[in-house]
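Here is what each chain is made of, one letter per residue.
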Amino acid sequence: MKKLIVFVICVLVCATGFTQEKNNRSKPVGGTLPNLQNCLHTAQQNLRLFTEGQPNDVNSIVKEIELYIDSMPKNKTTADLLLSKNFAPLRHFFLTTTNKTSVAAEFLYTVAPYNFCMYNDTAMALYIWAVKDGDPYNLSKMTDKRIVKLALTNCLLPSLAALDEFKDGELKYVALSVYYGCKDSREGAPKVAAVPYCLTLVARLSDIQQYAAGLITDKGLLANAEVYLADETDMRRLNVE
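What counts as what
The residue numbering used here restarts from 1 in each chain and proceeds along that chain's sequence as written. Confidence filtering applies because this is a predicted model: local features only for residues at pLDDT of at least 70, side-chain atom pairs given and counted only at 80 or more, and all residues used for totals across whole chains, interfaces and linings. Excluded from the side-chain calculations are hydrogens and water; all other atoms, namely the structure's heavy atoms, are used. For each residue, the accessible area found with a 1.4 Å probe, counting protein chains only, is set against the maximum for its type, and the residue is called buried under 20%, exposed over 50%, and partly exposed in between. Only runs of H or I of at least four residues qualify as helices and only runs of E of at least two qualify as strands under DSSP, and these elements are numbered from the N terminus. One requirement defines pairing of two strands: DSSP has to find at least two bridges between them. Any two residues having at least one pair of non-hydrogen atoms within 4.5 Å are treated as being in contact. Any Lys or Arg side-chain nitrogen located within 4 Å of an Asp or Glu carboxyl oxygen qualifies as a salt bridge. Note on terminology: a nonpolar core comprises buried Ala, Val, Leu, Ile, Met, Phe, Trp, Tyr and Cys residues joined through side-chain atoms within 4.5 Å. In protein, a polar contact requires one atom able to donate a hydrogen and another able to accept it; more generally it is a pair of N or O atoms within 3.5 Å, and residues adjacent in sequence count only if both atoms are side-chain atoms. In this description, the arc belongs to the directions extending from the helix axis to the C-beta atoms.

A. Representation of the pairing of strand 3 (residues 123-132) within the structure. Buried residues dominate strand 3, accounting for 9 of its 10 residues. Two elements, strand 1 (residues 106-107) and strand 3, share 2 bridges in a ladder whose sense is antiparallel. Pairing of E106 across the sheet is with K132, part of strand 3. Note that strand 2 (residues 114-119) and strand 3 share 6 bridges and pair antiparallel. Looking at strand 3, one finds that C117 is bridged to A125. Pairing between strand 3 and strand 5 (residues 171-183): 7 bridges, direction parallel. Across the sheet, the residue bridging to V131 is V178, located in strand 5.

Laid out in structure tokens, this is it:
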């Protein structure tokens, strides 16, 4: 009888330990998500990459993410769990975004071209930056406002179509940034190859997916979105119509 009691106790202890280990594996261990505004400023600080950095091709991005996922510890951070859940649609974005627009072809970044963060400390968001616009725009032929509109309509908005596999679950907002450059051949202008800018759209994931599906227009999307433009010294919110 004593042997039976001892056996039952051992089974219960082992089962409890297994359950606790299982629970520990499924729970995040810290790793507070950063604020989206802080991430926007990080992208602004990387503006020099447009003229000085080496572009990354899409296959290297996907490979780096896969290697990171394979090396994750059992006790994952909140960001790690979100990456694991959203790897397939994130991979889809990077592999297809260059096919959604004739402008974007490469990506500029130092550590990683994406980040999971918090929007206004209330909702989870995915921030993807590093999309590189094509050849620099010429300020001697068009205004600043016209260039912003071209970068928006030729590169940023078409790239949203590659977000079509994300689901409206934990992620409520998506922010997307594109880097573009302006050259100025006018008399008295600085003699530089290009002045870099970062154009960012922040919108609800549900609105982006409706836009990508053709259910709302770009005006409908922009009416509820935030658009920011940053140069090397400042970042401001734009009124885009």
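Once the structure has been displayed, the description carries forward.
B. The environment of L126, seen in detail. The topology assignment puts L126 in strand 3. A relative accessible area of 0% places L126 in the buried class. When the C-alpha positions of L126 and F116 are compared, they lie 4.7 Å apart, and in sequence the two are 10 residues distant. In contact with L126, other than residues within four places in its own chain, are L90, Y114, N115, F116, F166, L171, Y173, V174 and A175.

C. Representation of the pattern of salt bridges in the model. Throughout the structure, instances matching the rule amount to 4 salt bridges. Ionic pairing is found between R48 and E232, a salt bridge with its closest N-O pair at 2.5 Å. On the criterion of sequence distance, the pair formed by R48 in the loop between helix 2 (36-45) and helix 3 (49-52) and E232 in the loop between strand 7 (226-230) and strand 8 (235-238) is long-range, its members being 184 residues apart. Assessed through its relative accessible area of 38%, R48 is described here as partly exposed. Among the salt bridges present, the one from R204 reaches D207, with a minimum N-O distance of 3.1 Å. Its relative accessible area of 32% is what places R204 among the partly exposed residues. Residue class for D207 comes out buried when judged on its relative accessible area of 8%.

D. Examining the nonpolar core more closely. L90, F94, Y127, I128, Y180, L199 and L201 are the most contacted members of the largest nonpolar core, which totals 76 residues. Here the element with the most residues in this core is strand 5; it accounts for 9 residues. With sequence-adjacent residues up to four places away left out, I128 is seen in contact with L90, F93, F94, P113, Y114, L163, A175, L176 and S177.

E. Quick look at unusual backbone geometry. Residues other than glycine seldom take positive phi values, yet D121 does so here, at roughly 60°. Examined against the element boundaries, D121 turns out to sit in the loop between strand 2 and strand 3. Given the relative accessible area of 59%, D121 is considered exposed. A positive phi angle is found at A130, which is not glycine, with a value near 80°. With respect to the helices and strands, A130 occurs in strand 3.

F. View of the side chain of S177. In this fold, S177 is placed in strand 5. By relative accessible area, which is 0% here, S177 ends up buried. Polar contacts involving the side chain of S177 include one to the side chain of Y127, which spans 2.6 Å. Discounting residues that sit within four places of it in the chain, S177 has contacts with Y127, I128, W129, A130, V131, C198, L199 and T200.

G. Inspection of helix 7 (residues 205-212) at higher detail. The complete set of buried residues in helix 7 reads L205, D207 and I208. Along helix 7, the residues classed as buried sweep out an arc of 160° about the axis, all on the same side. Buried-residue contacts for helix 7 involve strand 5, strand 6 (195-204) and helix 8 (218-223). G214 sits one or two positions beyond helix 7 and adopts a positive phi of about 80°.

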